[in-house]
Structures are given as C-alpha cells and as structure tokens.
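Reading the structure
Below are the chains, spelled out letter by letter.
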Amino acid sequence: MKFRHTCIFGLAGLLIASGIAISQQKKTPVPPPQPHLFHIWTDAKGDTHLEELKLANNRRAMIPGATINFSGLPAPEGAALLHHAPAHQFAITVSGKIDVEASDGTRAHLGVGDMAFLEDTTGKGHKTLEEGAGSVFLRVPDDFDVKAWARGE
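The shown structure was predicted, so the numbers you read here are calculated from the model rather than taken from an experiment. The written sequence of each chain sets the order in which its residues are numbered from 1. Under the rules for a predicted model, residues below a pLDDT of 70 receive no local features and side-chain atom pairs below 80 are neither given nor counted, while totals for whole chains, interfaces and linings still include all residues. Water and hydrogen atoms were dropped before computing side-chain values, which therefore reflect all heavy atoms in the structure.

**So, the overall build of the chain**
Counting from the N terminus, the helices are DSSP H or I runs at least four residues long and the strands are E runs at least two residues long. Scanning the chain from terminus to terminus reveals two helices and seven strands. Each helix (α) and strand (β) of the chain, taken in turn from the N terminus, gives the series α-β-β-β-β-β-β-β-α. Buried, partly exposed and exposed residues are distinguished by accessible area as a fraction of the type maximum, computed with a 1.4 Å probe on protein chains only: under 20%, between the cut-offs, and over 50%, respectively. The burial tally for the chain puts 31% of its 153 residues in the buried class. Throughout, a contact is declared for two residues whenever any of their heavy atoms are within 4.5 Å. Contacts spanning at least 24 positions in sequence make up 77% of the contacts within the chain whose residues lie at least 6 apart. With residues, only the protein chains shown are counted as cover, and all accessible areas are computed by Shrake-Rupley using a 1.4 Å probe. Surface summary for the chain: the accessible area is close to 10300 Å², and the carbon and sulfur share equals 61%.

Quick look at the structure:
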C-alpha cells in the first residue's frame, strides 16, 4: 500500500512539475491581423467603385493637414440609400460591422480595424449598412494619394 501511495504522489508531482515547466515556456506572440483598406471613388461617368488596396507592412507616412472626428452614433437616416462622402476621408471601423456597396454593385464587409478611404464626393455614391458600428473619420487634403500611402510612400 505504501508503494502504491508513493507511486501516486510521485506521478502527481511529476504532472504538476511538467505543467509548471510547460506554462513557463515562452509562447510565440501571434501578430494582430492586418487591417483591410478599401478605396471608394467615382469615375468620369459618375459611377462609384470599390477596391481593396494592399497595405505595405512598413510604417505609413504621416498625413499633413488631416483632421479627426469620431462617430459612435447610429447611421444617419438614408445611409442604406446611395449617398456621397462629405470630403476625402478615411472611415476606420472601431466597433461593430459595416457593409458598403458601391453604385457599380461591388461590396465590402468592414470589421473592427478595417478602413475605407472615401473619395466619392460626387457621382452616384455608395450605401452603408451598419450593425452596432462606431467609426473614426480622418479627413485628408483633396490631393491625398491613398495608393501611394498604402504602398508606404
């Protein structure tokens, strides 16, 4: 009986010690997911288009003349209808989900951390369907080149 208790206590000690050793091993950090950047613009015919831009992994340049605004309010009435951006601006989703549809029928789903660069200040516009969404809007000068910025230039 004594031998049996010794084996049980020895095995329990071994399990506890191995658990401590495993918990003290360094865990490889998982990098956060890369945010998505969608570009919404109007062509010469007035049609609005949407494309995803690839973001460079390096740091992006500062944007001189940018101003920021936070919107945690429900979408304005008529957001599900075609509408324009009030200015050239980034819309960065900080909560909830946003579905965007350009007048050409192209769609994108934006989750937390995703961005849309809104440049469709004229033409047919886009629709937004929000679910618990809050966004930060970063207005930029009219001559801002979002594609160069996304490439890290």
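Structure shown, so let's carry the discussion forward.
**Thoughts on the environment of methionine 62**
Looking at the secondary structure, you find methionine 62 in the loop between strand S2 (48–53) and strand S3 (67–71). When its relative accessible area of 77% is taken as the criterion, methionine 62 is described as exposed. Taking the C-alpha atoms as reference, methionine 62 lies 8.9 Å from tryptophan 149; in sequence the two are 87 residues apart.

**A closer look at the pattern of salt bridges**
By salt bridge we mean one thing: a side-chain nitrogen of Lys or Arg within 4 Å of a carboxyl oxygen of Asp or Glu. Inspection of every chain in the model, using the stated rule, returns five salt bridges. The shortest N-O distance in the salt bridge between lysine 147 and glutamate 51 comes to 3.3 Å. With lysine 147 in helix H2 (residues 146–150) and glutamate 51 in strand S2, this pair connects stretches of sequence that are 96 residues apart. By relative accessible area, which is 25% here, glutamate 51 ends up partly exposed.

**Concerning the side chain of threonine 42**
Tracing the sequence through the fold places threonine 42 in strand S1 (residues 37–42). Note on threonine 42: relative accessible area 18%, which makes it buried. Two N or O atoms form a polar contact when they lie within 3.5 Å of each other; inside protein one atom must be a possible hydrogen donor and the other a possible acceptor, and for residues adjacent in sequence the pair counts only when both atoms belong to side chains. Within the structure, the side chain of threonine 42 is placed 2.8 Å from the backbone oxygen of threonine 122, a separation counted as a polar contact. Excluding its chain neighbours within four sequence positions, the residues that come into contact with threonine 42 are Asp47, Thr48, Asp120, Thr122 and Gly123.

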